[in-house]
Amino acid sequence: MTVGIVAISVLISMGLAMSQGIKWYIYVPIGGIMFLVVTAITLWEAKKNKDSFAEAERLRQGQHFKSASQEARYQRYCERHPLKSPKKSMQSDMALRYRSPALVLELLGALLLGLILIILFEEEKRDPDSAGVKYIVIGVIVVLLYFAASNIFGLKSKRFYLKLTDDPEFDRIERSYMNSVIIGSAQNCISIGEEFITLLVPNAVMCIKRSEIAVVRRADVVGGTNYNGKLLSGEAELFFLNFYVDRPVPGSTDTQAILCKVRLSRFDMQRAFELLRDSGVNTEEQIDLK
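Being a predicted model, the structure only gives us computed values, none of them experimental.

A. Looking closely at helix α7 (residues 155-164). Buried residues of α7: Ser 157, Phe 160, Tyr 161 and Leu 164, and no others. The buried residues of α7 all sit within an arc of 100° when viewed along its axis, so they share a single face. Exposed residues on α7 whose side chains face more than 90 degrees from its buried face are Arg 159 and Lys 163.

Below you can see the structure in the form of structure tokens.
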């Protein structure tokens with residue numbers, strides 16, 4: 001039907017061109033090209049829509065992997081990455097979990113600016129009027145070193161840890177955390193313990209009793225989703241574990257709402273989901289699309 005509409009539109013355009021006295025060997029090729037281009041785009045969009053519906057149905061059925069080869073890669077990933085538990089203490093382990101890869105860039109940036117500062121000191125001897133620039137560079141170096149020190153000493157994780165210590169059940173939370181397995185990457189981890197599931201996300205650390213979890217679902221989102229107050233743009237495929245509870249959650253009127261969602265890699269999301277399911281947490285195979 002859409003192709004028919006395109007054909008009619010092209011014929012009307014050609015008729016208008018004829019009425020204006022334009023030569024047929026000009027408007028016929030142009031009309032043909034227009035018809036082919038618009039038809040190709042329309043068919044491509046139709047195929048894309050059909051594929052998206054098929055993808056949505058696959059996710060509703062809980063099929064996370066798109067192919068057998070992808071599932072085989074997941075199995076190899078699990079074999080090559082054995083599960084790990086926290087060492088030393090909860091505080092030191094949390095500091096490690098919140099240590100961002102940006103630390104390297106912060107230290108490198110401070111080093112490069114330090115070299116520039118040396119050049120500026122030499123330049124100042126020849127041109128006293130350029131002395132003010134060095135103070136800007138020094139200010140940027142101080143800021144970068146502050147961020148690096150905060151990253152190294154885990155100031156962010158320390159704030160979260162101290163807040164946890166105010167919880168009346170902190171001793172049990174800490175014991176559960178130290179006996180857990182942890183899956184995830186920097187600032188996005190899940191600690192699966194015997195009594196508590198601890199979620200480490202960029203803006204908070206949440207400890208949930210297993211009995212408080214209504215259900216856990218996987219989520220597969222293509223860009224544009226909101227995560228911890230920030231909009232993740234782009235067309236990249238993003239993966240989360242959504243933790244639902246049967247109690248009011250700030251900002252939601254649903255009887256069963258998402259308390260927290262943790263962003264993970266495709267393989268880590270699947271592995272954490274399977275561990276939660278096998279350890280007795282209520283899970284649903286259906287994959288959330290948002």
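B. A look at the environment of Gln 91. Mapped onto the fold, Gln 91 is located in helix α4 (residues 90-97). Sequence-wise, Gln 91 and Phe 160 are 69 residues apart; in three dimensions their C-alpha atoms are separated by 9.3 Å. If we ignore the near neighbours within four places in the chain, the residues touching Gln 91 are Lys 158 and Tyr 161.

C. Quick peek at the packing of aromatic side chains. Per the counting criterion, the structure on display carries four aromatic pairs. Taken together, a centroid distance of 5.6 Å and an interplanar angle of 55° make the contact between Tyr 74 and Phe 267 tilted. Of this pair, Tyr 74 sits in helix α3 (residues 68-80) while Phe 267 sits in helix α9 (residues 266-278), and the two are 193 residues apart along the sequence. Comparing Tyr 74 with Phe 267, the two get one shared label, buried.

D. Inspection of the confidence of the model for the chain at higher detail. Taken as a whole, the chain shows an average pLDDT of 76; of its residues, 66% reach a score of 70 or greater. Taken together, the stretch residues 49-54 has pLDDT below 50 and engages in zero contacts with residues farther than four places along the chain or on a different chain.

E. Looking closely at the sheet that holds strand β4 (residues 204-209). As summarised here, the arrangement of the four strands in space is β1-β2-β3-β4, forming an open sheet in which the pairing is antiparallel. Only two strands of the sheet have a single neighbouring strand rather than two, namely β1 (181-185) and β4. When the angles between neighbouring strand axes are averaged without regard to direction, this sheet yields 10°. Sheet topology note: the β1/strand β2 (residues 188-192) ladder contains five bridges and is antiparallel. By the bridge assignment, Ser 185 is partnered in β2 with Asn 188. Against the sheet, helix α8 (residues 170-178) contacts β1, β2, β3 (196-201) and β4, and its axis sits at roughly 80° relative to β3.

F. Here's a closer look at the packing of α4 against α8. α8 packs onto α4 with a crossing angle of 60° between their chain directions and a minimal axis gap of 10 Å. Regarding the angle of α4 to α8, the classification is oblique. When you trace α4 past α8, the crossing you get is left-handed. Note on element contacts: α8 touches α4 through Phe 170, Ile 173, Glu 174, Tyr 177 and Met 178, opposite Met 90, Asp 93, Met 94 and Arg 97. The residue inventory of the contact of α4 with α8, partitioned by class, reads six nonpolar, no polar and three charged.

G. Just the packing of α3 against α9, in detail. At a closest axis distance of 10 Å, the pairing of α3 and α9 adopts a crossing angle of 70°. The angle between the axes of α3 and α9 places the two elements in the roughly perpendicular class. Contact residues: α3 offers Gln 70, Arg 73, Tyr 74, Tyr 77 and Cys 78, while α9 offers Arg 266, Phe 267, Asp 268, Gln 270, Arg 271 and Glu 274. Its residues placed into classes, the contact of α3 with α9 shows four nonpolar, two polar and five charged.

H. Just the pattern of salt bridges, in detail. On inspection of all chains with the given rule, the structure shows nine salt bridges. Its salt-bridge partner being Arg 217, residue Asp 288 comes within 3.6 Å of it at the nearest N-O pair. Here the residue Asp 288 occupies a position in the segment after α9, and Arg 217 occupies one in strand β5 (residues 213-222), the gap between them amounting to 71 residues. Across the pair, exposure class does not vary: Asp 288 and Arg 217 are buried alike. In this structure, a network of salt bridges that share partners links the residues Glu 169, Arg 172, Glu 195 and Lys 209.

Rules behind the numbers
- Position labels on residues start from 1 in each chain and follow its written sequence.
- Local features in this predicted model are restricted to residues whose pLDDT is 70 or higher, and side-chain atom pairs enter the listing and the counts only when it is 80 or higher, whereas totals over whole chains, interfaces and linings include all residues.
- Where side-chain values are given, they derive from all heavy atoms of the structure, hydrogens and water being excluded.
- Any residue under 20% of the maximum accessible area for its type is buried, any over 50% is exposed, and the rest in between are partly exposed; the area is computed with a 1.4 Å probe on protein chains only.
- Numbered from the N terminus, helices here are DSSP runs of H or I no shorter than four residues, and strands are runs of E no shorter than two.
- Within this analysis, the arc is defined by the directions that extend from the helix axis to the C-beta atoms.
- Throughout, a contact is declared for two residues whenever any of their heavy atoms are within 4.5 Å.
- Only the six-membered ring of Trp is used, alongside the rings of Phe and Tyr, when aromatic pairs are assigned; centres must lie within 6.5 Å, and planes under 30 degrees apart are stacked while those over 60 apart are edge-to-face, with the rest tilted.
- Per residue, pLDDT measures the predictor's confidence, with a range of 0 to 100.
- Strands qualify as paired when DSSP identifies two bridges or more between them.
- Axis angles are defined between N-to-C directions and span 0 to 180 degrees, where every axis is a line fitted to C-alpha atoms and, for a helix, only to the segment in contact.
- An angle counts as roughly parallel when it lies under 35 degrees, as roughly antiparallel when it exceeds 145, as roughly perpendicular when it falls between 65 and 115, and as oblique in every other case.
- Crossing handedness is defined as follows: a turn of the near helix away from the far one that is anticlockwise and smaller than a right angle gives a left-handed crossing, while the clockwise case is right-handed.
- Residues are grouped as follows: nonpolar covers Ala, Val, Leu, Ile, Met, Phe, Trp, Tyr, Cys and Pro; charged covers Asp, Glu, Lys and Arg; every other residue, Gly included, is treated as polar.
- The working definition used for a salt bridge is a side-chain nitrogen of Lys or Arg within 4 Å of a carboxyl oxygen of Asp or Glu.

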